[in-house]
Amino acid sequence: MSSQKSYSLPSFMNSDSSLPWLLPLITMLIVFAIIPFFYNIYLSFHEFVPAKRALLFVGWDNWIRLFTDGVFWGSLKVSLYYTFMCLLIQLVLGMGIALLIDSDDPGFGIIRSILTLTLVIPPAIAGMIFLIMEDANYGLIPWLLKSIGLIGPEDTILSDPTLALWGVMIVDIWQWTPFMVLILVAGLRSLPSEPFESAVIDGARPFQVFRRLTLPMLHKVIAVAVLIRGIDLWRMVDYVFVLTSGGPGTATYTLSLYSWQRFTFVQWGYGATISLFSLIVILIVGNAFIHFAKVKW
Amino acid sequence: MHLFILQRLNGKGLNKVFKQVLGWLIAAIFFFPIYFWITVSIKKDKDIFALPPKLFDFEVSFSAYEEVFGISRFLYVEDMGAVRPGGGDFYMMPNLVDSIIIALGSTGLAMLISILAAYSLSRIPIRGQQHFMGWILSTRMMPPVAVAIPMFFIYKNIGLMDTHLGIIIIHALMNLPLAVLLMKSFFDDIPKDIDEAALLDGATRFFVFWRLIVPLAIGGIAATAVLCFIFSWTEFIFVLMLTQTGLKTIPVVSTSFVTSTGTAWDNMAALGTAAIIPAFIFILLVQRHLVRGLTLGSVKQ
């Protein structure tokens, strides 16, 4: 190693220092990730005052308002419910489909290809696809549900306070279950076959094999998929924006949508406070997850 | 693999045919909304709203595509400037051009920055490398709204609001964690002996990087670039919040096809279909690296 040192040249890009290589990245992250973060903190202690047409210092007002605002608590509940339910459904469904299509038989390659297609659709357009399919008057899904009697003839999906959130979640489940499937299939394919062969020879039952062998061996892959999907579910705003705009009432406000909505109502400081709250939660939970699930990059 | 599943299915009298049928059924369910959307784009209004839905037996019409791509402007000159009842202009070529400029620009910028950084992270370990990687990953966690609100004020002050450059920069930033981590995993696949041998022969670090390693990683670079392109192409909330009238990309403009007489579903679907078909082709080209890309380089196929 010491002999190598003499070959490293002192000029800008040729040195063995990593600084010049990392400098563009670090600059970009500081200017466009660190500065906005502190700007957000600054904004959360200020608010636009219409009477004075200026952004004024308001102390802890925004934070006090945050913790006493029923709509905020409602949107927090929606965000948590949305994230956990979608994650659970996508993981379970994804695992089931992955086990089914993890096969070298002809045809399954094409099936896997078809499943990749939903991933590249702009989420806003995925929302539009389901907006017409869930339309109260001529939508395919309400018509189907009505004809099999699951909902009453006058019921709707997206304007019903209890069903609206599920109307949004179905889009997420449709678009991103394949994400889980593809990752889990890749995980299943990379498993060594010997432990499974000997387990089968020992007469282990399929479910036991799955619980004792497959799941533990897939631990890392599942953790990565859950982490990435969880982050995106928490940040989700496109679907609710397109499908319900938070309605009916405030039934489908997520934190991100509520924050955006306050922002457009020129409550800049309060909007920033909500988004900052959402950011802090995901930073803490995400990094704790990485730590405890021992995810490594 | 997974003998036990086969065994269980066989044991209960379920065979390969059953697996095939179930597999295709699932594929059909996931593909159906896409198919439905494409049919909306080529249906006439009366068929779009028909119940039970007309899935196969409808009149085909490409007028929505003609309006969106401005073909009708050339074919029927007397229609120039005419708007449909209810108002609204559906000529979307400028928005397609905006989308392409932004996606290409942000992909280029993100790739340039990330290839340099990823090579260095892969070859010249730094003190606290794990923390640095953790920081990059944390950037990936930031909710877009939490970035867009402060950027709105910063962009207003420095004049990047409503500009292509502003959106290009913010999309590049959005893609940086993906690009850096993914490129690092591709560089990690290339043996370090190559670098060390070349360095010992007196080659400079930059020469090694540019003439030896980059050509070897070209497949990974292409896959990363395609993913960056797609994520910029599909991005919604930054464009919504950081533009006003100057430019709108396809996802944002396609949510605004609402006129006083209702939503122009056929035009919206035509634009949406036009936006997803290139993405389909791209993603199938890089399918081999897709899982690695979706997991930011941590799960290899």
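Residues numbered from 1 in each chain as written. Chains lettered and ligands numbered in written order. Predicted model: local features only at pLDDT ≥ 70, side-chain atom pairs only at ≥ 80, totals over all residues.

(A) Local environment of the overall build of chain B. A tally of regular secondary structure across chain B gives 16 helices and two strands. Expressed as a percentage of the 301 residues in chain B, the buried residues total 47%. The contacts in chain B between residues at least 6 apart in sequence include a share of 76% that link residues at least 24 apart. (Helix = DSSP H or I, 4+ residues; strand = E, 2+ residues; numbered from the N terminus. Buried ≥ 20, exposed ≤ 12 C-beta atoms within 10 Å, placed from the backbone. Contact = placed C-beta atoms within 7 Å.)

(B) Spotlight on the pairing of strand β1 (residues 46-49) of chain A. Residue and element names in this part refer to chain A. As paired strands, β1 and strand β2 (residues 54-57) are joined by four bridges and run antiparallel to one another. Note that in β2 the partner of E47 across the bridge is L56. Following β1, the chain reverses through four residues before pairing antiparallel with β2; R53 in that reversal takes a positive phi of roughly 50 degrees. (Pairing = 2+ DSSP bridges.)

(C) Structural detail: the domain arrangement of chain B. Residues and elements named next belong to chain B. When the domains of chain B are assigned, the result is domain 1 (3-61) and domain 2 (93-294). Taking the mean C-alpha position of each, domain 1 and domain 2 sit 33 Å from one another. Domain 1 puts seven residues into the contact, and the matching count from domain 2 is six residues. Every element with two or more residues in the side of domain 1 that touches domain 2 is listed here: α2 (16-41) and α3 (45-48). Looking at which element gives the most residues to the side of domain 1 that touches domain 2, the answer is α2, with four residues. Residues belonging to the side of domain 1 that touches domain 2 are distributed by class as follows: four nonpolar, one polar and two charged. (Domains from an automatic or database assignment. Nonpolar A, V, L, I, M, F, W, Y, C, P; charged D, E, K, R; others polar.)

(D) Examining unusual backbone geometry more closely. With an omega of -5 degrees, the peptide bond between G247(A) and P248(A) qualifies as cis. Positionally, P248(A) belongs in the loop between α12 (238-243) and α13 (255-264). Even without a glycine there, the phi angle at V266(A) is positive, about 60 degrees. Its place among the elements puts V266(A) in the loop between α13 and α14 (268-292). We note that D162(B) has phi near 70 degrees; this positive angle belongs to a residue other than glycine. In this fold, D162(B) is placed in the loop between α8 (144-158) and α9 (164-188). According to the C-beta neighbour criterion, D162(B) is partly exposed, with 15 such atoms within 10 Å.

(E) Structural view of helix α5 (residues 108-116) of chain A. Three or more residues of α5(A) are buried, namely I111(A), R112(A), L115(A) and T116(A). Burial along α5(A) is one-sided: seen end-on, the buried residues are contained in an arc of 145 degrees. On its buried side, α5(A) packs onto α4 (70-101) and α8 (164-189) of chain A together with α2, α15 (265-285) and α16 (290-294) of chain B. (Arc of directions from axis to C-beta.)

(F) Summary view of α8(A). All names here are of chain A. Taking 1.5 Å per residue, 26 residues should reach 38 Å; α8 reaches 38 Å between its end C-alpha atoms and fits that length. When the local axis directions of α8 are compared, the greatest deviation, roughly 35 degrees, occurs at W176, which is followed within four positions by the proline P178. Burial analysis of α8 places 22 of its 26 residues in the buried class, the great majority of the element. (Expected span 1.5 Å × (residues − 1). Bend = angle between axes of the 7 residues up to and from the residue.)

(G) Molecular detail of the environment of L99(A). All names here are of chain A. For L99, the position within the fold is in helix α4. With 19 C-beta atoms counted inside 10 Å, the residue L99 sits in the partly exposed group. Distance from L99 to I290, taken between C-alpha atoms, is 26 Å for residues 191 residues apart in sequence.

(H) Representation of the environment of R211(B). Within the fold, R211(B) resides in helix α11 (residues 205-216). When the C-alpha positions of R211(B) and D57(B) are compared, they lie 57 Å apart, and in sequence the two are 154 residues distant.

(I) Representation of the environment of V291(B). Its location among the elements puts V291(B) in helix α16. Given 23 C-beta atoms within 10 Å, V291(B) falls into the buried group. Separated by 10 residues in sequence, V291(B) and Q301(B) place their C-alpha atoms 6.6 Å apart. Other than its neighbours up to four places away in sequence, V291(B) contacts L182(A), I183(A), A186(A), V299(B) and Q301(B).

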